[in-house]
Amino acid sequence: MSTVTCIAPVNIAVIKYWGKRDETLILPTNDSISVTLDTEHLHAKTTVMASPNFKQDRVWLNGQEEDIKNPRLQNCLTEIRKRTEDTSGISKWKVHICSENNFPTAAGLASSAAGYACLVAALAKLFKVKGDITSIARVGSGSACRSVLGGFVKWSMGSEPNGSDSIAKQLAPATHWPDMRILVLVVNDARKKDSSVIGMRRTMETSDLFKHRVKYVVPDRVNKMQQAIAKKDFKTFAEHTMKDSNSMHATCLDSYPPVIYMNSISHEVIHFIHAYNDAVNEVKVAYTFDAGPNAVLYILEKNVAEFLGVLDYYFPPPETDLTRYYKGLPIEKIKHSDELVNNMNLKRQSPGCFKYVIHTQIGSGPKYLDKPKDHLLNEKGLPINLS
């Protein structure tokens, strides 16, 4: 019996992946760039166990047994077994897989990216697979290939029909921009109405704006974003992050029928960020939205305290225990400036627009946990929370 446990991070794209030119191999229509978040605060955790005594492959996700015949899961398992360098015969053993997220699933917080990156990283260690594994993670969930790596990551769309050159590579490690911080404003953690798969397909089939985005907008923006990251140019980084988020969601609205992931609070956040940047006469904060209503903000560490004071004024926390409202890195707020608030001149929202706020930083990628207490499966290969 052999066991491996891994945790893998969420990544949040600043240049979005939206649209597949091949749905089976999950080959994107454009390059994308993301930031890997710290596993300390947002992660998927997966234990994989192989044994000659197991009768069949099995998988459990967040406490529920799932269908092992899921095509994407099977693609990952097949590719891992094909590339194993183990000579002991372990690749012929059946595996049990147990995975949990410490954040909401299917709510637009890149849960599938973290989950498949974690699965592939754990299986690669179990079966002694060497070399690049981002292409294996990609066939599970496209953006999972970026969660296999830390720091700033670029996923190249590639041009080979078999997808051999559609891989992710690190642009810069987490240590490159150590004062970058991320705030996740969780507006709604419910499962979204339209999955990303459905949304992408409809956008590709019906949006004229999407074709313009892929051909003209993204290639230039990818180059400018890479330069901004290399130079640690926050203004350029922030502006292109916001523009690309707007561009992706514009193609969703241009779809027929429209694909809508953001809600009224999402739009209030956008108005608020632009008003704040205008009031301080500097681009200090950037927003981005994946396929969901939750806002992810990029901000430098030195500006977090002032910004949170203003955020709490315009979006008051729920009138409950605030120790559960703020998660992640310790948060120190300063009282908002009345002059700044007056300059912004926005309407205050009702308390409780956000369920909670996560304050985090750039992370270094997947990590392996070696202690028995960290495993999600018991000695019989069954989930510990079910045993």
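Everything that follows concerns the structure shown earlier in this document.
Please read these numbers as outputs of a predicted model, since none were measured by experiment. (Residues numbered from 1 in each chain as written. Predicted model: local features only at pLDDT ≥ 70, side-chain atom pairs only at ≥ 80, totals over all residues. Heavy atoms only, no water.)

1. Considering the packing of aromatic side chains
So the rule is basically this: Side-chain rings of Phe, Tyr and Trp (the six-membered ring for Trp) are treated as a pair once their centres are within 6.5 Å; stacked means planes under 30 degrees apart, edge-to-face means over 60, and tilted covers the remaining angles. The way it works is that DSSP assigns letters per residue, a run of H or I at least four long becomes a helix, a run of E at least two long becomes a strand, and they are numbered from the N terminus. The buried label goes to any residue with under 20% of its type's maximum accessible area, the exposed label to any with over 50%, and the partly exposed label to all in between, with areas taken from a 1.4 Å probe on protein chains only. Throughout this description, the term charge over a ring refers to an Arg CZ or Lys NZ atom that lies within 6 Å of the ring centre and within 35 degrees of the ring normal.
Summed over all chains, the structure comprises 17 aromatic pairs. Seen in terms of ring centroids, Phe272 and Phe315 are 5.4 Å apart; in terms of plane orientation they differ by 85 degrees. Their pairing is edge-to-face. Note that Phe272 is positioned in helix α8 (residues 264-279) and Phe315 in the loop between α9 (304-314) and β15 (326-328), a separation of 43 residues in sequence. Accessibility classification places Phe272 together with Phe315 in one group, the buried group. Arranged with centres 5.1 Å apart and planes meeting at 80 degrees, the rings of Tyr276 and Phe307 form a pair that is edge-to-face. With a gap of 31 residues between them, Tyr276 in helix α8 and Phe307 in helix α9 connect regions that are remote in the sequence. What makes Tyr276 buried here is its relative accessible area of 0%. Since its relative accessible area comes to 0%, Phe307 is described here as buried. Among the aromatic residues, those joined into a cluster by ring pairs are Phe272, Tyr276, Phe307, Tyr313, Tyr314, Phe315 and Phe354. Geometry around Tyr368 places Lys125 over its ring, the cationic atom sitting 4.5 Å from the centre. Sitting above the plane of the Tyr313 ring, Arg348 keeps its charged end 4.1 Å from the centroid.

2. Remarks on helix α5 (residues 196-206)
As a reminder, the rule being used: Relevant arc is that of directions from the helix axis to the C-beta atoms, nothing else. Here, residues are in contact when the closest pair of their heavy atoms is within 4.5 Å.
Buried within α5 are the following residues: Gly199, Met200, Arg202 and Thr203. Across the axial projection of α5, the buried residues extend over an arc of 170 degrees, all falling on one side. Those residues of α5 hidden inside the fold are in contact with β3 (20-22), α6 (208-231) and α7 (234-254).

3. Points about the sheet that holds strand β7 (residues 58-61)
Picture the strands of a sheet paired through backbone hydrogen bonds; they go either parallel or antiparallel. Condition: Paired strands are those between which DSSP finds at least two bridges. Geometry is summarised by axes, namely lines fitted to C-alpha atoms with helices restricted to the contacting stretch, and by angles between N-to-C directions that run from 0 to 180 degrees.
Ordered by their spatial adjacency, 6 strands build an open sheet running β8-β7-β9-β6-β1-β17, and the pairing between neighbours is mixed. Unpaired on one side and paired on the other, β8 (64-66) and β17 (367-369) mark the two borders of the sheet. Here the strands of the sheet are splayed against their neighbours by 25 degrees on average, with no regard to which way each runs. Across 3 bridges, the pairing between strand β1 (residues 2-9) and β17 is antiparallel. Counted as the bridge partner of Ile7 is Lys367 from β17. Relative to strand β9 (residues 94-101), helix α1 (residues 71-83) is tilted by about 125 degrees, and along the sheet it contacts β7 and β9.

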